[in-house]
Amino acid sequence: MTGERIAIVGVGQTVHKSKRTDVNTAEMCAEAVEAALADAQLTIKDIDCVILGSFEPADGYSGPDKFIVPEIGCVGKAGFEMQNVGTTGGVVCATGFNMAAAGLFENVLCVAWQKMDEAAGAFGRGGGGANEYWTGQFPMSPITNFARRTYAYMTRSGCTEEHLAMVRVKQDQCAQKNKYAQLKLGLTVEKVMNDHLLAWPIRRLHMCPTTAGSAAIIVCPEKRAKQVTKKPVWVEDWFTCHQGGALTMAEDPTASTLAYACQKIYKRCGITNPKKQIQAWEVYEPASTAELRWMEEVGICEDYTAWKLFEQGKVGTEKEIPFNPSGGVTATNPIGCTPVVRVVEAALQVRGDAEEHQIPGTINRALATAYGGQGENVVFLLKKSL
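Given the structure is predicted, the values throughout are model-derived calculations rather than measurements.

## Description of the pairing of strand β2 (residues 49-53)
Here is step 1 of the chain: Counted residue by residue, β2 has five buried out of five residues, so it is predominantly covered.
Here is step 2 of the chain: In β2, alternate side chains face the same way, and those of C49, I51 and G53 on one face and V50 and L52 on the other are all buried.
Here is step 3 of the chain: Pairing geometry for β2 and strand β3 (residues 78-82), over five bridges, is parallel. Its bridge partner lying in β3, C49 is registered against A78.
Here is step 4 of the chain: Pairing analysis gives five bridges linking β2 to strand β4 (residues 108-115), with the strands arranged parallel. Note that in β4 the partner of L52 across the bridge is V111.

## Let's talk about the nonpolar core
Here is step 1 of the chain: Counting residues in hydrophobic clusters, the biggest one holds 49 residues, and the most contacted among them are V298 and L367.
Here is step 2 of the chain: Element by element, the count of residues in this core is highest for helix α10 (residues 258-269), at six residues.
Here is step 3 of the chain: If sequence neighbours within four positions are ignored, L367 has contacts with C262, Y266, I278, A280, W281, E282, V283, V298, V379, F380 and L381.
Here is step 4 of the chain: C49, I217, A280 and L382 belong to the second largest nonpolar core, which has 41 residues in total.

## Overview of helix α14 (residues 338-351)
Here is step 1 of the chain: Relative to the 20 Å expected for 14 residues at 1.5 Å per residue, α14 spans 20 Å between its end C-alpha atoms, a close match to the ideal helical length.
Here is step 2 of the chain: Across the 14 residues that make up α14, a large majority, 14, are buried.
Here is step 3 of the chain: Backbone geometry just after α14 places G352 at a positive phi near 80°.

## Quick word on empty space enclosed by the protein
Here is step 1 of the chain: A complete count under the given rule lists two cavities of 30 Å³ or more for this structure.
Here is step 2 of the chain: Computed from the structure, the largest cavity encloses a volume of approximately 90 Å³.
Here is step 3 of the chain: As for the largest cavity, its lining consists of F146, R149, T150, Y153, L164, T254, T289, A290, L292, R293 and W294.
Here is step 4 of the chain: For the lining of the largest cavity, the secondary structure elements donating two or more residues are α6 (142-157) and α12 (290-297).
Here is step 5 of the chain: Across the lining of the largest cavity, the residue classes break down as six nonpolar, three polar and two charged.
Here is step 6 of the chain: Taken as a whole, the second largest cavity encloses approximately 40 Å³ of empty space.
Here is step 7 of the chain: Taken together, Q13, H16, N178, Y180, A181, S326, G328, A331, T332, V341, R342 and E345 make up the full set of residues lining the second largest cavity.

## Quick notes on the side chain of N178
Here is step 1 of the chain: Relative to the helices and strands, N178 is located in the loop between α7 (161-175) and α8 (189-193).
Here is step 2 of the chain: In this structure the side chain of N178 is engaged in a polar contact, spanning 3.1 Å, whose partner is the backbone oxygen of S326.
Here is step 3 of the chain: Within the structure, N178 has its side chain in polar contact with the side chain of E345 (distance 3.4 Å).
Here is step 4 of the chain: Setting aside its immediate chain neighbours within four residues, N178 contacts K184, S326, E345 and H357.

## Thoughts on the pattern of salt bridges
Here is step 1 of the chain: Enumeration according to the criterion identifies 21 salt bridges in this entry.
Here is step 2 of the chain: With a shortest N-O distance of 3.5 Å, D195 and R204 are connected by a salt bridge.
Here is step 3 of the chain: Overall, the relative accessible area of 26% leaves R204 in the partly exposed class.
Here is step 4 of the chain: K383 is the partner of E236 in a salt bridge, and the nearest nitrogen-oxygen pair spans 3.6 Å.

## Digging into α7
Think of an α-helix as turning once every 3.6 residues; residues three or four places apart then point the same way.
Here is step 1 of the chain: Here α7 contains 15 residues, and its C-alpha end-to-end distance of 21 Å stays within 8% of the 21 Å for a straight helix at 1.5 Å per residue.
Here is step 2 of the chain: With respect to burial, α7 is a largely interior element, 11 of its 15 residues being buried.
Here is step 3 of the chain: Those residues of α7 hidden inside the fold are in contact with α6, α8, α12 and α13 (306-311).

## Comments concerning the side chain of E345
Here is step 1 of the chain: Following the sequence through the fold, E345 ends up in helix α14.
Here is step 2 of the chain: R342 is the oppositely charged side chain nearest to the buried, salt-bridge-free E345, at an N-O distance of 5.7 Å.
Here is step 3 of the chain: E345 has contacts with Q13, N178, E282, S326 and H357, leaving out every residue within four places of it along the chain.

## Topic: the packing of helix α4 (residues 88-101) against α14
Geometry of a packed helix pair, given as the angle between the helix axes and the separation of the axes.
Here is step 1 of the chain: Across the interface, α4 lies against α14 with an axial gap of 5 Å and an inter-helix angle of 55°. Regarding the angle of α4 to α14, the classification is oblique. Each of G89, G90 and C93 in α4 lies in contact with α14, whose residues at this interface are P339, V340 and V343.
Here is step 2 of the chain: Residue composition of the contact of α4 with α14, by class: four nonpolar, two polar and no charged.

## With respect to the packing of aromatic side chains
Here is step 1 of the chain: If you walk through the whole model with that rule in mind, you get 11 aromatic pairs.
Here is step 2 of the chain: When the centroid spacing of 5.6 Å and the interplanar angle of 50° are considered together, the rings of Y153 and Y304 count as tilted. One end of the pair, Y153, is in helix α6; the other, Y304, is in the loop between α12 and α13, and 151 residues separate them in sequence. Across the pair, Y304 and Y153 agree in class, each one buried.
Here is step 3 of the chain: R293 extends its terminal NZ or CZ atom over the ring of Y304, reaching a point 4.7 Å from the ring centre.

## A look at the sheet that holds β3
Sheet strands pair by backbone hydrogen bonding; their relative direction is either parallel or antiparallel.
Here is step 1 of the chain: A sheet is described by the order of its strands in space; here nine strands give the open sequence β3-β2-β4-β7-β1-β8-β11-β10-β9, paired in mixed fashion. The open sheet terminates on both sides in strands that have one partner only, identified here as β3 and β9 (280-282). Adjacent strand axes in the sheet meet at a mean angle of 25°, parallel and antiparallel pairs treated alike.
Here is step 2 of the chain: Pairing of strand β1 (residues 6-13) with strand β7 (residues 212-221), which is carried by seven bridges, proceeds in the antiparallel orientation. Within the sheet, the bridge partner assigned to G10 lies in β7 and is I218.
Here is step 3 of the chain: The sheet strands contacting helix α1 (residues 25-40) are β1, β4 and β7, and the helix crosses β1 at an angle near 130°.

Calculation notes
- Residues numbered from 1 in each chain as written.
- Predicted model: local features only at pLDDT ≥ 70, side-chain atom pairs only at ≥ 80, totals over all residues.
- Heavy atoms only, no water.
- Buried < 20%, exposed > 50% of the residue type's maximum accessible area, 1.4 Å probe, protein only.
- Helix = DSSP H or I, 4+ residues; strand = E, 2+ residues; numbered from the N terminus.
- Pairing = 2+ DSSP bridges.
- Core = buried A, V, L, I, M, F, W, Y, C linked by side-chain atoms within 4.5 Å.
- Contact = heavy atoms within 4.5 Å.
- Expected span 1.5 Å × (residues − 1).
- 1 Å grid on protein atoms, 1.4 Å probe; cavity = no way out; pocket = protein on both sides within 12 Å on 5 of 7 lines; lining within 4 Å.
- Points joined across faces, edges and corners; volume = space filled by probe spheres on them.
- Nonpolar A, V, L, I, M, F, W, Y, C, P; charged D, E, K, R; others polar.
- Polar contact = N/O pair within 3.5 Å; in protein donor to acceptor, adjacent residues only side chain to side chain.
- Salt bridge = Lys/Arg side-chain N within 4 Å of Asp/Glu carboxyl O.
- Lys, Arg positive; Asp, Glu negative; His and termini not counted.
- Axes fitted to C-alpha atoms, helices over the stretch in contact; angles between N-to-C directions.
- Parallel < 35°, antiparallel > 145°, perpendicular 65-115°, else oblique.
- Phe/Tyr/Trp six-rings, centres within 6.5 Å; stacked < 30°, edge-to-face > 60°.
- Lys NZ or Arg CZ within 6 Å of the ring centre and 35° of its normal.

By themselves, these figures tell us nothing about what the structure is for.
Okay, here's the thing in structure tokens:
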């Protein structure tokens, strides 16, 4: 038995900020849900399944679904709460896609959030600056993790600190065009290279911020999707990889499971030239330096050569390689929600609705990813038409 073909029919997200003192978590989620419903021209009564989740330790409390479900009007509906650290939003979307593809539900709502300004732990305290950057208080914190990865990448590739700064400047230029992005800093290469050093070669500006934000999508099987919207975004494939045959950091400190996951999807979908067959990329990189290796892992260029593309000025929303046109995770990172933001942004690109940060031309395919821990990935392939 084959599954139903499915499509995203509605998307919504909040404006992302370091603090949202004007709302509680449930009210913030309701903003994203209401935006997705309005986008799909549906009401909450139409929803028959809800999948939701956040990375609970980053919010400082457990079981938030108990007070969020009533606020968004989903009491009594079928569904799950998912949690898987950084890939939480990825498994939220994957579960929602599975529910719609199973043919059991007509309108599946997927919603994720993170409200880190309320957290009591180190995840929420940040670095004490205006944008609350990570502090690196753990033996294997995000900072030390990516410092190790980046040092290994530089050693193998010939990439310099200046190239790392070029990546961060490109991300900031994209974020400045995105009305939902949190950090819009007007960066230059010099400003990045002179910023506070956290763990060489990682500087404060290379790391993602702590964020309060929420995002939601609505997914339907094919027949229902065509009834709901004239601009469905078809979910061509998705794949979850938590090791399972891929290189681990112990084997290759520059590696994650991203290349393995992409290879699986590309083979199933007949993609032999990702750079040409995929026109938009929204890839989860908690540190700006990871963008180099992960451009290579998704198949844009050969291993250890991505830094040359930045040196040549080929990466940007209106350039040859439109990678992370939203500004990416170094601009906005509501951890557990971040993968849903990636899917929302990829869907907007396919529809041509990304406004100022829309990639020029027709976007036939977009790839979005979720990342977590020491290298886990969830990969989604979205398509304009069947």
